[in-house]
Structures are given as structure tokens and as C-alpha cells.
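# Descriptive analysis of the structure
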Amino acid sequence: MSTHTPIEKFYQPQANAEEIDLSQLVIVDPCSQEGLVKRIPSGQIPVRYKNRYKTMHKVRCAFCEQRQSHNTGFTAVMSDGRIALCGKDCGRKYFGDDAARKLESEIQSAINQAAATEIKRRCFLYLPALIEEIERVWLPLDFAAREVVSKVPTMRKSLIKSRMTPERDLLVIETGSRHDDVVAVVKAAYLLEQPRPAFRDVVGDCRAILKGRNDYGLDVSEERRIRLARDLQGKIKTACSEMADLKSFLTRSNIAALRKAVRFYFHGNAQVQWVKRYGRPVMRIKRGSNGWENYEIPDMPALPEANTLIPDLIPKDVV
Ligand SMILES: [Zn+2]
């Protein structure tokens, strides 16, 4: 895992002087703008929208007869520089559908661009430290725990599938003459089929976002990088919850349940045990007539928490 580019060598985004800050394109207090006119005579059409707003308090439209009060709309700029508030639906009614759509799509693409810049700014601010923490603390633990899980004898896939709960635990079912009994529940048994550490994908995505290149050295488009950034929080959550599942999978009681599962669903004969050796928890496995193999279970005293790993990357009110 040490073959990666050092963090400080990541490409930094160029500041674009032309670009308007997101906080000026999506606003919450449109009435505080200087030079607002209350009324625009009918028939006059703005040349552009300056921003989009969503207010707590109702404001009044300058374009319609009734001066409709509303919470969401646009600040319109007229050809002579006057600015005025326009309710969200009034543009379509009074400027014509095409003109209104054009104004909306122009401001929306400016918002999207500013949002992308803001997302990138946050990525460059937070991701290097995140990569560092994951690689130093969580990835080694993730690997070590999964390494142990990967040693569990492969059980009959079709049986496992049919006995998996929606929570992805495994029911160990004893088939009786009258009814079936659940004799054990193996928590987080889905991990048996998912040996890949989720944190590795998180780190891969972080690097692709920062470098514009993936682990295979292929270019990652600007659009894709923003999409990866948008999905990152979700992936971090998954990685954290898988760590919690790894911990509960490797407990003494769960390995006792696993022992039953292996006895029921393994092709030949295999045994699994949780024991302590030299004061350390160990998973022991015996396959057929071979001797016992011992796999030390890593200590997992603390677990990563998604919401403390990084703050929000995606600005609020912009989707
Ligand atoms: Zn209106």
C-alpha cells in the first residue's frame, strides 16, 4: 500500500477569477440586495438571473400584477441594470417558456459549476488527511480482520443464499420431521462473500478525485471526479458499517454460531472454533484430517465513525 504518490504531489485546482462564488449564486436573503426595484412593467424581460433564492420569509414578486408573495425565486437583472425579484413560476408565465427556460438553465449551470468548484475545494482541504488516516489506521485493521474471515471454510453457496436474512445474517436451520428450527444465527455472514476491504475503494476514490487519475493510471474526467466526491460519504458510511460488522462477526459468540453453520453447510467436514492462545483471541480451523490452523483475531477496540472522518463535501441547498 506504500506505492502511492505522496499527498503533497496532488494536482491543485486552478483558481478561476471569472467564476462567481456559490454563496452569491444561491442566497437566502434576497431583500438585502442593493438596488432592488419593486415593480417591473409587464412586457419587460430580464437579460439574466443573478442568483436563485429560497427564503424563510415571504418576499414579493416584481413581475406579476398581484405581486405574488413567495419563498423561492430568482433575482432578475434587466438590460438597464435594474434588479428585481421574480417568483419561481412567474418567469414561465410572463417571459415565455423558451426565454424562461434559457434564463433558468444559465443560472443553474453557473450554480453547478460553482458547486463543483466548492466540492473540489473541500476535497483538497479534507481528503489528504482522510487518506492518511485510513491508510495508517483503518485499512490495516480492515485487511487483518478480513484476512481472518477469508479463512472460513467455503460453505454451500445455494444453502447460504436461501438462509440469508434481509439484514444479511445467516440462519443455521436444523431440518426436523415436523418443522425446521433455527439453531444459530451468524451475524454479518455476508462478509464471507465480500473479502474486499471497503476502505480500499474509499482510498482509491479519494486519489482519483485528487489526482484526476485512477489506480490504473487512467484519466478520470472532471465530471466523474465530482460524482465520486458526491458518492464518497455514502461509501465511507458503508466502509464504517462493514468494520462494525467485521468486529461483530469475529466475536466469540458469533464464531460459536459459525461453528454450527460450518458443520451444517460445509461440503465435507470442517470445524471452526474460537479459542484464546497466550491471552489473544484466535479462530481455529480444521479441514478434514488436517491439523488445526490458527488465525489471530485482530484487536478492534475502536471503530471509525463516518461523520467524524470528514465533514460534508457537498454544499447544502445545491443538489
Ligand atoms: Zn410573480
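### Quick word on the overall build of the chain
Broken down by element type, the chain carries eight helices and nine strands. For the chain, the C-alpha radius of gyration of 29 Å lies well beyond 20 Å, the compact-globule estimate for 319 residues. With the C-alpha coordinates aligned to their principal axes, the bounding extent of the chain is approximately 90 × 55 × 30 Å. Across the 319 residues in the chain, those meeting the buried criterion constitute 30%. Taking contacts inside the chain between residues at least 6 apart in sequence as the whole, the part at least 24 apart equals 63%.

### Quick word on the sheet that holds strand 8 (residues 280–287)
The strand order across the open sheet built from three strands is 7-8-9, with neighbouring strands paired in antiparallel fashion. Two strands close off the open sheet at either side, each with one partner strand: strand 7 (270–277) and strand 9 (292–296). Strand-to-strand twist in this sheet, taken as the mean axis angle between neighbours without regard to direction, amounts to 25 degrees. Pairing of strand 7 with strand 8, which is carried by eight bridges, proceeds in the antiparallel orientation. Opposite R277, over in strand 8, you have R280 as the bridge partner. Packing of helix 7 (residues 252–265) onto the sheet brings it into contact with strand 7 and strand 8, and relative to strand 7 it is tilted by some 160 degrees.

### Here's the deal with the nonpolar core
Counting residues in hydrophobic clusters, the biggest one holds 73 residues, and the most contacted among them are C86, V149, V186, F199, V202, L258 and A261. Here this core gets 19 residues from one element, more than from any other, and that element is helix 3 (residues 97–149).

### Points about helix 6 (residues 222–249)
Given 3.6 residues to a turn, an α-helix orients residues that are three or four positions apart in the same direction. Along its 28 residues, helix 6 runs 39 Å from first to last C-alpha, staying within 8% of the 40 Å computed at 1.5 Å per residue. Of all the bends in helix 6, the largest measures some 40 degrees and sits at L232.

### Observations regarding the packing of helix 3 against helix 5 (residues 198–211)
Contact geometry of helix 3 with helix 5 gives a least axis separation of 9 Å together with a crossing angle of 155 degrees. Compared by their axis directions, helix 3 and helix 5 come out roughly antiparallel. The hand of the helix 3/helix 5 crossing is left-handed. Touching C123, F124, L127, L130, I131, I134, E135, W138, L139 and D142 of helix 3 are F199, R200, V202, V203, C206, R207, I209 and L210, all from helix 5. The residue inventory of the contact of helix 3 with helix 5, partitioned by class, reads 14 nonpolar, no polar and four charged.

### Section: the sheet that holds strand 3 (residues 69–77)
Across the sheet, which stays open at both edges, the four strands sit in the order 1-2-3-4 with mixed pairing between neighbours. Edge strands, defined here as strands with exactly one partner in the open sheet, are strand 1 (26–27) and strand 4 (83–87). Pairing of strand 2 (residues 48–60) with strand 3, which is carried by eight bridges, proceeds in the antiparallel orientation. For K54, the partnering residue across the bridge sits in strand 3 and is T72.

### Let's talk about the pairing of strand 4
The element strand 4 is largely enclosed, with a buried count of five among its five residues. Side chains I83, L85 and G87 of strand 4 all project onto a buried face; the interleaved residues A84 and C86 project onto the opposite face, where all are buried too. Across five bridges, the pairing between strand 3 and strand 4 is antiparallel. Looking across to strand 4, one finds that T75 is bridged to L85. Linking two consecutive strands that pair antiparallel, namely strand 3 and strand 4, is a turn of five residues; a positive phi of about 95 degrees is found at G81 within it.

Procedures and definitions
Residues numbered from 1 in each chain as written. Predicted model: local features only at pLDDT ≥ 70, side-chain atom pairs only at ≥ 80, totals over all residues. Helix = DSSP H or I, 4+ residues; strand = E, 2+ residues; numbered from the N terminus. Rg over C-alpha atoms; globule rule 2.2 N^0.38 Å. Buried ≥ 20, exposed ≤ 12 C-beta atoms within 10 Å, placed from the backbone. Contact = placed C-beta atoms within 7 Å. Pairing = 2+ DSSP bridges. Axes fitted to C-alpha atoms, helices over the stretch in contact; angles between N-to-C directions. Core = buried A, V, L, I, M, F, W, Y, C linked by C-beta atoms within 7 Å. Expected span 1.5 Å × (residues − 1). Bend = angle between axes of the 7 residues up to and from the residue. Parallel < 35°, antiparallel > 145°, perpendicular 65-115°, else oblique. Left-handed = near helix turned anticlockwise from the far one by under 90°. Nonpolar A, V, L, I, M, F, W, Y, C, P; charged D, E, K, R; others polar.

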